[in-house]
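What follows is the residue order along each chain.
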Amino acid sequence: MFNLFIIIFITSLILGSLSLLVLMLNTIHSLLLLLELFIIGSLLLFFFKVEFLGLIFLMIYLGAILVLFLFVVMMLDIKTTAVQNDDLNQFIFKGLGLFFFIPVFVWWIFGDVIFLSAMWQSFVQTAVHWSFSLSILDFFQLINFSSNLEVVGWYIFDFQPILFLLCGVILYIAMIGAIVVSVDSQMNSNQKIQNALVQGMRRGNIISYMTSHVDQRHWKMIPKLHWSPNIVHYPKPKDFFWTWLGKNTF
Amino acid sequence: MYQKMFLFICLSFALSCVLFIVSLLLASHDPYYEKMTAYECGFEPFQDARNKVDIRFYIVAILFIIFDIEVAFLMPWLVNFVYLGTQTFWLMIFFLAILALGFAYEIVKGALDW
């Protein structure tokens, strides 16, 4: 009975937050409902005794993906959606879309009896070696003491390592793509950098100062004739590398 | 094992709901225009309070995701790579090398140089 209560409670939470998420006018309220959905997903994974995946959901969905959504709301001028007076259009686009989710939940509750009993097993019988039932699932859990972390590790490194390598390639492509799209190399290459190491190692001899490569505008005090923006000079890691080789970067 | 944790989370959620609802019902609500709008030293607000946000913050967030997922893959390996043999060890080193290659590209291009 408690099992049924849990299922109905979680289903109603998901349905309610999904419908509100789509219908809310304020964007921040929609983000809060998305947060609630992610937490419910993580909680469900805890119910199925895959604790590692539940915590990873919390870490990556909440800690990273929701932060990206938040950045989108911050950067673009998105505050509220405009109130529409066209009720029929609203009903078609927002209301009817929600109806497509209902068969999924109906199937989930009433469809599969084995699914239900597995959830009962995993939620009610927590410490298996203290229970006295004789089903096959309990026997397997009597001899298997590995946690979800170890099982996931075995699966992705020993059983299907190709999946793991594909994930690595996807992450690599994502990194390269994000950098290619956003980095403006023109803006970064026009900066003049002061290198404190080189300046500190400069000798006080006027002859060596005059014969080294110095920009004439500095010691002849020629005024600048065109406007240029005040760029803050910070040394970059690659400049430390080049000065170690002995090459000037200004 | 997790029932007690779930009960604890439910109780804390219920407590925060109780605090919120009690303030909603029992506190006096008297909103008027001067109280609800932004304060700009007595003037009407000139423009929107948000200013332009540089895209470098978003790049930091994206790179954080990628390395966070790399650490999340590192976790199950750390627990049982001793029992799984040399092939899995070199597999993980190869995965770290792929991401190190991407990191080298990011250093050279200067994506995190502000």
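Everything that follows concerns the structure shown earlier in this document.
Remember, it's a predicted structure, so these values are computed and weren't measured experimentally. (Residues numbered from 1 in each chain as written. Chains lettered and ligands numbered in written order. Predicted model: local features only at pLDDT ≥ 70, side-chain atom pairs only at ≥ 80, totals over all residues. Heavy atoms only, no water.)

Novice: Hey, could you run me through the interface of chain B and chain A in this one?
Specialist: Note: interface size is frequently given as the accessible area lost on complex formation between the parts. With 48 residues of chain B in contact, the opposing surface of chain A contributes 54 residues. Looking only at chain B, the three residues that lose the most surface to chain A are F6, R50 and Y58 of chain B, adding up to 13% of its buried area. For the pair chain B and chain A, the interface holds zero salt bridges. Counting across the interface, chain B meets chain A through one residue pair in polar contact (both at pLDDT 80 or more). Breaking the side of chain B that touches chain A down by element, the ones donating at least two residues are helix 1 (2–26), helix 3 (56–80) and helix 4 (86–109) of chain B. At 20 residues, the largest contribution of residues to the side of chain B that touches chain A is made by helix 3 of chain B. Residues of the side of chain B that touches chain A, tallied by class, amount to 35 nonpolar, five polar and eight charged. (Contact = heavy atoms within 4.5 Å. Buried area = accessible area lost by both parts, 1.4 Å probe. Salt bridge = Lys/Arg side-chain N within 4 Å of Asp/Glu carboxyl O. Polar contact = N/O pair within 3.5 Å; in protein donor to acceptor, adjacent residues only side chain to side chain. Helix = DSSP H or I, 4+ residues; strand = E, 2+ residues; numbered from the N terminus. Nonpolar A, V, L, I, M, F, W, Y, C, P; charged D, E, K, R; others polar.)

Novice: It is not clear to me how unusual backbone geometry should be interpreted in this structure. Could you clarify?
Specialist: Comment: phi is negative for the bulk of residues other than glycine, and the bulk of peptide bonds are trans. Positive phi, normally seen in glycine, also occurs at C41 of chain B, with a value near 55°. Since its relative accessible area comes to 64%, C41 of chain B is described here as exposed. (Buried < 20%, exposed > 50% of the residue type's maximum accessible area, 1.4 Å probe, protein only.)

Novice: Just to check I follow, could you spell out the packing of aromatic side chains for this structure?
Specialist: The description of an aromatic ring pair uses the distance of the two centres, along with the angle that the planes make with each other. Per the stated rule, a full pass over the model turns up 16 aromatic pairs over all chains. For the ring pair F57 of chain A and Y61 of chain A, a centre distance of 4.8 Å and an interplane angle of 55° mean the geometry is tilted. On the criterion of helical spacing, the pair formed by F57 of chain A and Y61 of chain A is a turn pair, its members being four residues apart in helix 3 (residues 51–75). For F57 of chain A, a relative accessible area of 30% translates into the label partly exposed. By relative accessible area, Y61 of chain A is classed as partly exposed at 30%. Plain terms: the ring middles of W77 of chain B and F81 of chain B are 4.5 Å apart, the flat faces sit at 25° to each other, and that makes the pair stacked. (Phe/Tyr/Trp six-rings, centres within 6.5 Å; stacked < 30°, edge-to-face > 60°.)

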